[in-house]
Amino acid sequence: MDLPNRPCLLAFCRRAPRFEEAFRAELRALGAPLFAFAPGSGTVFGADDEPRDIGPHPELWRIHGAGRAALTVVLLDEKQRVRLRRDAPEAEGTLLAAVREAGRAVCAAPRGIGRRELLLNSLAAALGAAVLQACASARPVDDRKAVSGAPALLEVSLVVNGQRRRLQVEPRLVLLDALRENLGLTGAKKGCDMGQCGACTVIVDGQRVNSCLKLVAQLEGARVTTIEGLVQGGQLHPMQEAFLREDAFQCGYCTPGQILSAIALLQEGKPRDDDEIREGMSGNLCRCGAYPNIVAAIRGVAGRA
Amino acid sequence: MRLFTFQRAASVDEAIASGAGAAFLAGGTNLVDLMKIEVLNPERVLDVSRLDLAKIELREGALQIGALASNTAVAEHGDVRRAAPGLSEALLSGASPQLRNAATVGGNLLQRTRCAYYRDLGTRCNKREAGSGCDALDGWTRMHAILGVSDKCIAAHPSDMCVALYALDATVRVRGPAGEREIPIGELHLLPGDHPEREFSLQPAELITGVRVPIDALAARSRYVKVRDRQSYAFALASCAAAVQVEGGAVQAARFALGGVGTKPWRVPEAERSMQGRPATRETFARAAEIALRGATPRRDNAFKVELAKRTAVRGLMLSAGALS
Ligand SMILES: Cc1cc2nc3c(=O)[nH]c(=O)nc-3n(C[C@H](O)[C@H](O)[C@H](O)COP(=O)(O)OP(=O)(O)OC[C@H]3O[C@@H](n4cnc5c(N)ncnc54)[C@H](O)[C@@H]3O)c2cc1C
Ligand code: FES
Ligand code: FES
């Protein structure tokens, strides 16, 4: 099936949803079409026309690994890249809430921001929130049973900050997105998304790596430490305290990556001087230029260790 | 990133058996990057990262380095530091600690060019899309090659490790459906010529299993010098891996390779021979550098690389000869 060259929403529902006029009004305000599928049927809700029948399209269910949850929503951008994919235990209310919230955000946004990105971001945020809410109020299900025979998706189990987490992922999911989108651990930051800035640095099996370039599919059984995992018994990690003490950040965006990288640096061996600290931290860029204080923080911890 | 199917190879044999038409995935720092920007779009990705090919050992007069040894592991290995310090220095000058932890020897050998046009789908590139044209030729060429170029491609080879391996006369071990073979490293990378899209001399489904670095007195003297736009975490404008053995003030043997300036790491045997028996002085090294840069074809933005490469070569040779501290 040809999807449009602009942002759109796909919804795969276990039972065909009945979209009332109120819902269609919300969709009109949003300006992105919704392709809703149920077993054996498919309907597109455009911004301006009446719902149109488009047939069931089983290939889309396969591609997006839909069918296990009551609702799978997928947000595609203008190049039909998946920007967000979420499973929810309940269909109609969740979709309605998400579309309403996104519509509000789009209307309320200041002028001048690229409308397409804005729409995508608003939709993603609203969908995420609506799905989370729906999940919180739903009965827990045994998803292991539901997953058997799942097409396309891989099952990967990781130990994240000491907790075993089981994920069903597309092969192309990178660790950074899995942490942020699937596990809700937004401490690891997406700066460049191409290995150049270090904002996404986490520790995998004892070694610091750029999580934006690591496919989750490769990581079965891996132990991952993120910034969220550093607090022990309510106590900040000494490196976190040193960053606070030395004022080693301004906006803070690079900071989680800096801290994990710094901890790994000291585990790799003690830097002998500031030059070795700088070289050892070269993979972590700081747009605010907090470098002198970052070096001071690390020097402080290294000196005490 | 486009969708693909993912498989993990349980053994080298399995990797080779199902390797045709698939992309081998090791550290992913190059492949995943290029898949994200849709420059490489394999339909099948075969994870080889857990194969038992990460050993590093000094055996039979050579460093035997497994293809899956990480760049960090090789750089930090005691035998490597002692027997081939230039290799360790080259690795440590590349990328960042995070990237070196993930990057492997096999992946580094096959890493693709950083040519900005190759990485930009909005431009024409013969390497990315055979026969489409090359927008680098009259584009911004500061980072491009001046040696080994053709009228179809001027993309520079990005690897630091490979420059050292060229100077060290390494061989690459590969295994494929037709069995095992060794490739002298100079023959692994192809010049762009009329077909920049052909980059390596590997056959379909051939897996790199390791690298062999012969160890001798010369290798133990090897050094690496890298010049770049910032002090760390940048690709080379020019670099040099050099190994010089001096006796009684005269050069007994010398090898060197240049990085950042060629479409592949650049070695010129005639330049190396020119030093033989000569005094280990700046003049001798400068003459060798002069010969090495013969035939350079600079463009508007990278003309400075001719002089820079010569000076970098002289510095590398001086350092190895012990004439600099
Ligand atoms: C921001 C950034 C900066 C960098 N800076 C530098 C630098 O300054 N100097 C430098 O030298 N490099 C630099 N690099 C490149 C880095 O060294 C390479 O990305 C890395 O070495 C690739 O190794 P990998 O294991 O991650 O390879 P992968 O990404 O897994 O694979 C790369 C290629 O090799 C193939 N491959 C991998 N293993 C095998 C095998 N065993 N047999 C056959 N084929 C195989 C893959 O199919 C793929 O085509 C940089 C990279 C980034 C992202
Ligand atoms: S987001 Fe991973 S290095 Fe920039
Ligand atoms: S504190 Fe702002 S980027 Fe580092």
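Residues numbered from 1 in each chain as written. Chains lettered and ligands numbered in written order. Predicted model: local features only at pLDDT ≥ 70, side-chain atom pairs only at ≥ 80, totals over all residues. Heavy atoms only, no water.

1. Some details on the overall build of chain B
- Scanning chain B from terminus to terminus reveals 12 helices and 11 strands.
- In terms of C-alpha radius of gyration, chain B reaches 19 Å, essentially the compact-globule figure of 20 Å for 325 residues.
- For chain B, the spread of C-alpha atoms along the principal axes amounts to about 60 × 50 × 35 Å.
- Taken across its 325 residues, chain B has 59% of its residues classed as buried.
- Here the contacts in chain B between residues at least 6 apart in sequence split such that 65% fall between residues at least 24 apart. (Helix = DSSP H or I, 4+ residues; strand = E, 2+ residues; numbered from the N terminus. Rg over C-alpha atoms; globule rule 2.2 N^0.38 Å. Buried < 20%, exposed > 50% of the residue type's maximum accessible area, 1.4 Å probe, protein only. Contact = heavy atoms within 4.5 Å.)

2. Thoughts on the confidence of the model for chain A
- With 91% of its residues at a pLDDT of at least 70, chain A reaches an overall mean of 86.
- A low-confidence stretch, residues 140-151 of chain A (pLDDT under 50), is modelled with 10 contacts involving residues beyond four sequence positions or located in other chains. (pLDDT = per-residue confidence, 0-100.)

3. Thoughts on the sheet that holds strand S1 (residues 5-8) of chain B
Residues and elements named next belong to chain B.
- With respect to topology, three strands assemble into an open sheet ordered S1-S3-S2, the strand pairing being parallel. Each end of this open sheet is capped by a strand with a single partner; those strands are S1 and strand S2 (23-25). Adjacent strand axes in the sheet meet at a mean angle of 30 degrees, parallel and antiparallel pairs treated alike.
- The pairing of S1 with strand S3 (residues 44-47) spans four bridges and is classified as parallel. Paired with Thr 5 across the strands is Arg 44, a residue of S3. (Pairing = 2+ DSSP bridges. Axes fitted to C-alpha atoms, helices over the stretch in contact; angles between N-to-C directions.)

4. Remarks on the site of ligand 1
- Surveying the vicinity of ligand 1 reveals 33 residues, the closest of which are B:Phe24, B:Thr29, B:Leu31, B:Thr104 and B:Asp160.
- Those chains with residues close to ligand 1 are chains A and B.
- Between ligand 1 and B:Gly28, the relevant distance is 2.8 Å, taken from an oxygen atom to a main-chain nitrogen or oxygen of the residue.
- B:Arg112 places a side-chain nitrogen or oxygen 2.9 Å from an oxygen atom of ligand 1.
- The fraction of the free accessible surface of ligand 1 (980 Å²) that becomes covered by protein chains is 96%.
- Of all the elements in the fold, those that place two or more residues in the shell around ligand 1 are S2, helix H7 (105-109) and strand S8 (207-214) of chain B.
- Residue contributions to the shell around ligand 1 peak at three residues, all from H7(B).
- Looking at the shell around ligand 1 residue by residue, the class counts come to 15 nonpolar, 14 polar and four charged. (Near = heavy atom within 4 Å. Polar contact = N/O pair within 3.5 Å; in protein donor to acceptor, adjacent residues only side chain to side chain. Areas by Shrake-Rupley, 256 points an atom, 1.4 Å probe, with all protein chains shown as cover. Nonpolar A, V, L, I, M, F, W, Y, C, P; charged D, E, K, R; others polar.)

5. A short note on the sheet that holds strand S9 (residues 201-204) of chain A
All names here are of chain A.
- Here we have five strands laid out as an open sheet, ordered S8-S7-S11-S9-S10, and mixed in their pairing. Each edge of the sheet is formed by a strand with only one pairing partner; in this case those strands are strand S8 (163-169) and strand S10 (207-210). With strand direction ignored, the average angle separating the axes of adjacent strands in the sheet is 40 degrees.
- Pairing between S9 and strand S11 (residues 223-225): two bridges, direction antiparallel. Bridge assignment links Ile 203 to a residue of S11, and that residue is Thr 225.

6. Describing the interface of chain B and chain A
- Contact residues are listed per partner, giving 30 residues for chain B and 33 residues for chain A.
- Across the chain B to chain A interface the summed buried area is about 2,600 Å²; carbon plus sulfur atoms make up 51%.
- Our count for the contact surface shared by chain B and chain A stands at one salt bridge.
- Counting across the interface, chain B meets chain A through 18 residue pairs in polar contact (both at pLDDT 80 or more). (Buried area = accessible area lost by both parts, 1.4 Å probe. Salt bridge = Lys/Arg side-chain N within 4 Å of Asp/Glu carboxyl O.)

7. Brief notes about the side chain of B:Ser222
- Along the chain, B:Ser222 falls in the loop between helix H9 (217-220) and strand S9 (223-227).
- Apart from the residues within four sequence positions on either side, B:Ser222 is in contact with B:Ala84, B:Pro85, B:Gly86, B:Leu87, B:Leu168, B:Ala242 and B:Ala243.

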